[in-house]
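Analysis of the macromolecular model
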Amino acid sequence: MKLSNYYIPTLKEAPKDADNLSAKLMIRAGLIRKLASGLYEWLPLGMKVLKKVEQIIREEMDRAGACELWLPVIQPKELWEETGRWAHFGDQLLKIKDRKGGEFCVAPTAEEVITDLVRKDISSYKQLPKCLYQFGTKFRDEIRPRFGVMRAREFYMKDAYSFCATDADASDWYQRMYDAYQRVFTRCGFKFKAVEADTGAIGGNFSHEFMVLADNGEDAIADCSCGYAANTEKAEVKCPEFAPLNEADLKPMQNVPTPKAYTIEDVANMLHVPTSKLIKLLLFMADGKPVVALVRGDHELNEPKFRSLLKCTELVKADEETYTQVTGSFVGFAGAQGLKEKHPEIMIYADNYVKGVVNGVSGGNEKDVHTLNVTPLRDIQVDVYADLKVASAGDLCPRCGKPFQFTRGIEVGHVFKLGTKYSDAMGATYLDENQKAQPMIMGCYGIGVSRVVAAAIEQSHDDNGIIWPEPIAPFDVCLVAIDYDSNPDVKKHADEISAALEAKGISVLMDDRDERAGIKFKDADLIGIPHRLVVSSRTVKDGQCEYKKRTDKEATRWDLAQAAEKLAQIIKK
């Protein structure tokens, strides 16, 4: 392919609203263009990468025994009402009406549609198990789209769904997909890790995320040498051991003025105490009922853990009015001491680390007041102590007790054990051997194909641009022909090398443009094609060309007559 015939509008600078590295490089390298907030056009170079990733996924899904289909992107309201998600999925669900007033949504996922399909056609255990997958566009109306295609509103993904009659078959399909994902991301050339994860809005009782490791990844991973790994939304933390309370050490509670101390840091600085001595009170509405969570001032509440503990459908932060009604105070000055006496019906949950706070500091339940010497085991009637914190430095692995190591990653795939959540709700049943109706046991398995492209760039780049892993590079070779139109020898040898490589199944992007060598080299590095050959007036007079791998600092001279064969040996198609 000659670059003069191709559409690669490279830029010297990225737009100011490109807010992460992959977005900047994808726009500069001519892979994508932004149409509107969270909406991107994929240009020819980006499409080549996207389709290479798609083909790797397709091959591994087929190898695992799944069958490809194609589902509509517009889904009827009635199916979503069967599962209750029309109301509970939230504002990310883009709802539309047709000309007849029928209500639909633009698919953010496809559990309802695929379950509806299967329940119509499968009626016997003899027809199970089955696993179906598709590639398609999804839309989630993110409140704040960011990071280019990493968190766009419209994205391209592969989603698969398994339907089984037995727990054993369901576990088998989960493992098949887990193994298939391992192969996919290995073939894509990634350094990655599978970690335990929260199931989120999809639901189910168990899941793993596949994370491409990157220093600037959006997710934190708690990792242990024993093999346990989880994202920090899911990571369990071993309950610390605390010394028994010594009554002689406990001081009486005392209210002190803390004017305009609205944050943990403000209070700690004003009272000259470490943030670990502070007790944060967080008030939530769980399915419409107020509940209290307590964590240490230097820790963050893990809302997915809290939601899982409560087994609630909806968990939202309480507003200022509710804070005042429940605690008699304002956000930032509320404390749990004495709360049970006022509101015995309100459940108080505390993270395990709160047990260890002695003579700590809590909100004083008055504006601009905090209470000193609060010891939760003495002063707060906690209903449940549990692991409620986001894993952080110093925390111990729940399996072996060793300290966690923390890395960062980008989620590119997720596998879920769904159980019977959707089949129960939608009546997707089969007749077992005794002709008794049973709900199908489901699993779902997603890969963000467009996210994979961005993740590859986040993991592999340098100051000059993208460094594509070879399996998903848009082209194998960038053949830079300098003086292509003005020097017949350059044209002859560049065309011959290009044809010889293409005949061996090696894809070539020939830069035949009438541009300076420096511009061509900069574009070649920016685009990130793994191998570069240069044929120029300077080299052909010596019967040579120059070869440089994208990651090499210096080029080497090759004989023109041997260039195609030598490069074929390196690439080994």
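Structure shown above.
This text gives an overview of the structure that appears in the document. (Residues numbered from 1 in each chain as written. Predicted model: local features only at pLDDT ≥ 70, side-chain atom pairs only at ≥ 80, totals over all residues. Heavy atoms only, no water.)

1. Focus: the environment of D287
Test applied: Secondary structure is summarised from DSSP: a helix means a run of H or I of at least four residues, a strand means a run of E of at least two, and numbering begins at the N terminus for each. Only protein chains enter the area calculation, which uses a 1.4 Å probe; residues under 20% of their type maximum are buried, those over 50% are exposed, and those in between are partly exposed. By the convention used here, residues are in contact when the closest approach between their heavy atoms is within 4.5 Å. Counting of polar contacts relies on pairs of N or O atoms within 3.5 Å, with two restrictions inside protein: one atom must be capable of donating a hydrogen and the other of accepting it, and residues adjacent in sequence are counted only when both atoms are side-chain atoms.
Tracing the backbone through its elements, the reader meets D287 in the loop between β14 (278-286) and β15 (289-296). Overall, the relative accessible area of 42% leaves D287 in the partly exposed class. C-alpha separation for the pair D287 and S392, spaced 105 residues apart in sequence, amounts to 29 Å. Look past the residues within four positions of D287 in its chain and what remains in contact with it is C312, T313 and E314. At a separation of 2.8 Å, a polar atom in the side chain of D287 contacts the main-chain amide nitrogen of E314.

2. So, the pattern of salt bridges
How we decide: For this document, the term salt bridge refers to a Lys or Arg side-chain nitrogen within 4 Å of an Asp or Glu carboxyl oxygen.
Overall, the coordinates contain 42 salt bridges when judged by the stated rule. Between E81 and K77 there is a salt bridge whose closest N-O contact spans 3.6 Å. Here E81 and its partner K77 are both found in helix α3 (residues 77-83), four residues apart, which amounts to about one turn of the helix. One salt bridge connects D172 with R176, and the closest N-O pair in it is separated by 3.1 Å. Of this pair, D172 and R176 both sit in helix α6 (residues 167-187), separated by four residues, roughly a single helical turn.

3. Describing the sheet that holds strand β4 (residues 74-76)
Put simply, the rule is: DSSP calls a pair of strands paired once it identifies at least 2 bridges connecting them. Where helices are involved, their axes are fitted lines through C-alpha atoms of the stretch in contact, as for all axes, and angles between N-to-C directions lie from 0 to 180°.
Spatially, three strands are ordered β4-β6-β5 in an open sheet, and the strand pairing comes out antiparallel. Strands with a single pairing partner mark the edges of an open sheet, and in this sheet they are β4 and β5 (94-97). Put simply, the sheet's adjacent strands are angled 40° from each other on average, direction ignored. Sheet topology places β4 next to strand β6 (residues 103-106); three bridges connect them, and they run antiparallel. In the sheet register, P76 faces β6, and the bridge partner there is F104.

4. Examining helix α15 (residues 517-527)
Among all positions of α15, only K520, D523, A524, D525, L526 and I527 are buried. At the C-terminal side of α15, G528 shows a positive phi close to 85°.

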